[in-house]
Amino acid sequence: MSSFLPASQVADRIIQVRQTLPDSVKLIAVTKQVPVELMRSAYEAGIRDFGESRIQEAIVKQMQLQDLTDVTWHLIGHLQSNKAAKALEIFQWIHSVDSLKLAQRLDQLAESIAQKPTVCLQVKILVDPNKFGWTVPELLADLPALNQCSQLRIVGLMTIPPYGLNPPEILAVFTRTRELAEQIQHQNWSTLQMQHLSMGMSEDYPLAIKAGATLIRLGRTLFGERG
Ligand SMILES: *Cc1c(COP(=O)(O)O)cnc(C)c1O
């Protein structure tokens, strides 16, 4: 059983959270499992960025929300290679590019449809068998090949801290992510850009903002428990 909040409370939450955010931070409303009526309420409260983790769910919702023409759709969940073409059709941003193979596949597909999708590279600062993404050494090793993916607008890093860390440890993960982005930026790659940090969820977004997040992904804080 999910226990999403009533529409009026969702609007209040959005307004409240907004007031606490610096101008440099964009709020992405994570709407996995959230019914489209509640997504409309979020839109009316000013949300223009929706984050979804599943392709099929996003397709259905986009059909039902076709009239909201100024929404940006963000894929935030793991993407299987065989769904990469579909993902490019329906998402403008992909935060969860988590392997060189996937990046190269997206790059090829994007070229074939003459698009330039915006993507983040998902990195694991601490070893975490439960998460997708590059470890730091793996990412550094793959940078030359990623820089060749010129059809992708690679704009930054995405991270999710492992479960069970205390606040100082979470802050350290976010800070290390920012430092890694700075390190990569200083290498002056021709196509890799590192101006965005997609980090911070309901439990930890104030820490992410402290560390320099530019995109926060909030679900439960805005909509209530998914159940
Ligand atoms: C579900 C999800 C979120 C939002 O999590 P909340 O705890 O509901 O804020 C953010 N990012 C990713 C990658 C997610 O899967």
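Before reading on, note that the structure itself is shown above.
Residues numbered from 1 in each chain as written. Predicted model: local features only at pLDDT ≥ 70, side-chain atom pairs only at ≥ 80, totals over all residues. Heavy atoms only, no water.

(A) Main features of the overall build of the protein chain. The helix and strand tally for the protein chain stands at nine helices and eleven strands. A compact globule built from 227 residues should have a C-alpha radius of gyration of about 17 Å, and the protein chain, at 17 Å, falls within 12% of that. With respect to the principal axes defined by its C-alpha atoms, the protein chain has extents near 50 × 45 × 30 Å. Within the span of the protein chain, comprising 227 residues, buried residues form 52% of the whole. Split by element, the accessible area of the protein chain, about 10,800 Å² in all, is 50% carbon and sulfur. Mean positive and mean negative side-chain charge positions of the protein chain (22 and 22 charges, respectively) differ by 2 Å. (Helix = DSSP H or I, 4+ residues; strand = E, 2+ residues; numbered from the N terminus. Rg over C-alpha atoms; globule rule 2.2 N^0.38 Å. Buried < 20%, exposed > 50% of the residue type's maximum accessible area, 1.4 Å probe, protein only. Areas by Shrake-Rupley, 256 points an atom, 1.4 Å probe, with all protein chains shown as cover. Lys, Arg positive; Asp, Glu negative; His and termini not counted. Charge placed at Lys NZ, Arg CZ, Asp CG, Glu CD.)

(B) Up close: the nonpolar core. Ranked by internal contacts, the top residues of the largest apolar core, which has 74 residues, are Phe50, Ile94, Leu139, Leu146 and Leu157. In contact with Leu139, not counting residues within four places along its chain, are Leu121, Val123, Trp134, Leu146, Leu157, Leu180 and Ile184. By size, the runner-up hydrophobic cluster in this structure holds six residues, among which are Trp93, Cys120, Val155 and Leu215. (Core = buried A, V, L, I, M, F, W, Y, C linked by side-chain atoms within 4.5 Å. Contact = heavy atoms within 4.5 Å.)

(C) Spatial organisation of the side chain of Asp107. In this structure, Asp107 sits in helix 5 (residues 100–112). Of the side chains with opposite charge, Lys116 comes closest to the buried, unpaired Asp107, at an N-O distance of 7.9 Å. Non-local contacts of Asp107, meaning those with residues more than four positions away in its chain, are made with Gln148, Cys149, Ser150, Gln151 and Leu152. (Salt bridge = Lys/Arg side-chain N within 4 Å of Asp/Glu carboxyl O.)

(D) Structural view of the packing of aromatic side chains. For the structure on display, the rule yields one aromatic pair. When the ring of Phe50 is compared with that of Trp73, the centres are 5.4 Å apart and the planes differ by 55°; the resulting orientation is tilted. Here Phe50, found in strand 3 (residues 49–52), pairs with Trp73, found in strand 4 (residues 72–75); they are 23 residues apart in sequence, far enough to count as distant. Accessibility classification places Phe50 together with Trp73 in one group, the buried group. One cation-aromatic arrangement involves Arg48 over Tyr43; the distance from NZ or CZ to the ring centre is 3.6 Å. Here the basic side chain of Lys131 rests over the ring of Tyr163, its NZ or CZ set 4.4 Å away from the ring centre. (Phe/Tyr/Trp six-rings, centres within 6.5 Å; stacked < 30°, edge-to-face > 60°. Lys NZ or Arg CZ within 6 Å of the ring centre and 35° of its normal.)

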